[in-house]
Amino acid sequence: MKTGLVLEGGASRTIFTCGILDALLENDIYINYVAGASAGISFGVSYLSKQIGRNHKITEFYMHDKRYMGFRNLLRKDNRSYYGLEFVFDEIPSRLIPFDFDEYKRSGENAFGAVTNIETGKTEYMRVKADDHKWNVLRASCALPLLFEPIKINGSYYMDGGITDSIPFKYALESGLDKVIVVLTRPRGFIKKKEKLAPLVKMTYPKYPLLAKALANRHIMYNREIAELEQLEKAGKALVLAPEKDYGIHRTESDPNILLPFEKEGHDYAVRNLALIKEFIEK
């Protein structure tokens, strides 16, 4: 039975997922397939490269750095994004907290990021390749409207994959997997409400009406995915790991004193459920 990991995005909230992934690696649970959206896949690649604690170090030492995120980055003509793109996707993985590209390549490069084509308003799924040291797929999957410029890949423009597929478990199962472990960044029972910024996105991107439409319908897509996921869990094809309560972490939170306890919650949650996780994988 082939099992995959599916990681919801959520920007800074995804630090919960980092704790879970480290706990899995510490206990020799290695699943050679990760699909995710936004920060889910961006943090998930460090699991495939088997780098325990790498995401923790990024959070502790650099997420509060103004070069990492902040409105100054958005105002820079060479950046135009809330996140410092070269700092986050080049300087950190290349020099400050090196990413093990060799180990990742040996793993088979089985990381797949959901991205939204801004012309079609549809999801596309792209393999994260080891030779792409600029992390273009990760940049695109994280490119939140209003906070990022669209990212160009192979002649087309893309933005946040979470707009159209926040939890790409269906893609994972359709790729040939038998079952999935899904890590959420919201507690069970969370119901997404209509996106308040949808009208502003429509005004900001007048050439891409299907992007605006997708964002306006995002709450419908998300709540439908949660309902489908519950049915898969009942059928034994999914195991859902989620925070036990809403910790109130904002998507652009950068304070390590707030984020790292949430990471520990994820780590401890996974440790408490190790037997359940192993049983699901081995069943």
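Scroll up to find the structure.
Everything quoted here is computed from the prediction, not taken from an experiment.

1. What about the pattern of salt bridges?
Consideration 1: One pass over the structure, following the stated rule, counts 11 salt bridges.
Consideration 2: Between R139 and E86 there is a salt bridge, and its shortest N-O distance comes to 3.2 Å. Taken together, the positions of R139 in helix α7 (residues 136-142) and E86 in helix α5 (residues 85-96) put the pair 53 residues apart, joining distant regions of the chain.
Consideration 3: Here K134 ties to D90 by a salt bridge, and the two come within 3.2 Å at their closest N and O atoms.

2. Structural notes on a nonpolar patch on the surface
Consideration 1: Taken together, the side chains of L197, L200 and M203 make up a nonpolar region of the molecular surface, amounting to roughly 310 Å² of accessible area.
Consideration 2: Judged by relative accessible area, which is 43%, L197 ranks as partly exposed.

3. Let's talk about empty space enclosed by the protein
Consideration 1: Throughout the structure, instances matching the rule amount to three cavities of 30 Å³ or more.
Consideration 2: Within this model, the largest cavity holds a volume of roughly 380 Å³.
Consideration 3: Around the largest cavity, the lining comprises 24 residues; the ones closest to its centre are S42, F43, Y68, V88 and F89.
Consideration 4: Sorting the residues of the lining of the largest cavity by element identifies α2 (39-48), α3 (54-61), α5 and α7 as the ones contributing at least two each.
Consideration 5: The residue makeup of the lining of the largest cavity, split by class, is 18 nonpolar, five polar and one charged.

4. Considering the layout of surface pockets
Consideration 1: Of the voids in this model, the largest pocket is the one considered here, and its volume is about 600 Å³.
Consideration 2: Considering the residues around the largest pocket, the lining is formed by 25 residues, among which R13, R186, K192, E195 and R251 are closest to the centre.
Consideration 3: Each pocket or cavity is described by its volume, and for the second largest pocket that value is around 360 Å³.
Consideration 4: Lining the second largest pocket are 19 residues, and of these G121, K122, T123, T164 and M221 sit closest to its centre.
Consideration 5: Taken together, the elements giving at least two residues each to the lining of the second largest pocket come down to β4 (122-127), α8 (169-174), α10 (209-216) and α11 (218-234).

5. Quick notes on the side chain of R54
Consideration 1: If you trace the backbone, R54 turns up in helix α3.
Consideration 2: Of the buried charged residues, R54 lacks a salt bridge, with D100 as the closest side chain of opposite charge at 9.3 Å.
Consideration 3: At 3.1 Å, the side chain of R54 forms a polar contact with the backbone oxygen of I97.
Consideration 4: With residues up to four places along the chain from it excluded, the contact list for R54 reads S46, I92, P93, I97, P98 and F99.

6. Concerning the side chain of R186
Consideration 1: By secondary structure assignment, the location of R186 is in the loop between β7 (179-183) and α9 (198-204).
Consideration 2: Buried charged residue R186 carries no salt bridge. Nearest counter-charge: D246, at 4.2 Å.
Consideration 3: Beyond its immediate stretch of four places on either side in the chain, R186 contacts E8, R13, Y222, A242, P243 and D246.

About the cut-offs
- Residues numbered from 1 in each chain as written.
- Predicted model: local features only at pLDDT ≥ 70, side-chain atom pairs only at ≥ 80, totals over all residues.
- Heavy atoms only, no water.
- Salt bridge = Lys/Arg side-chain N within 4 Å of Asp/Glu carboxyl O.
- Helix = DSSP H or I, 4+ residues; strand = E, 2+ residues; numbered from the N terminus.
- Patch = residues over 30% accessible without salt bridge, like charges linked within 9 Å, V, L, I, M, F, W, Y side chains within 5 Å.
- Areas by Shrake-Rupley, 256 points an atom, 1.4 Å probe, with all protein chains shown as cover.
- Buried < 20%, exposed > 50% of the residue type's maximum accessible area, 1.4 Å probe, protein only.
- 1 Å grid on protein atoms, 1.4 Å probe; cavity = no way out; pocket = protein on both sides within 12 Å on 5 of 7 lines; lining within 4 Å.
- Points joined across faces, edges and corners; volume = space filled by probe spheres on them.
- Nonpolar A, V, L, I, M, F, W, Y, C, P; charged D, E, K, R; others polar.
- Lys, Arg positive; Asp, Glu negative; His and termini not counted.
- Polar contact = N/O pair within 3.5 Å; in protein donor to acceptor, adjacent residues only side chain to side chain.
- Contact = heavy atoms within 4.5 Å.

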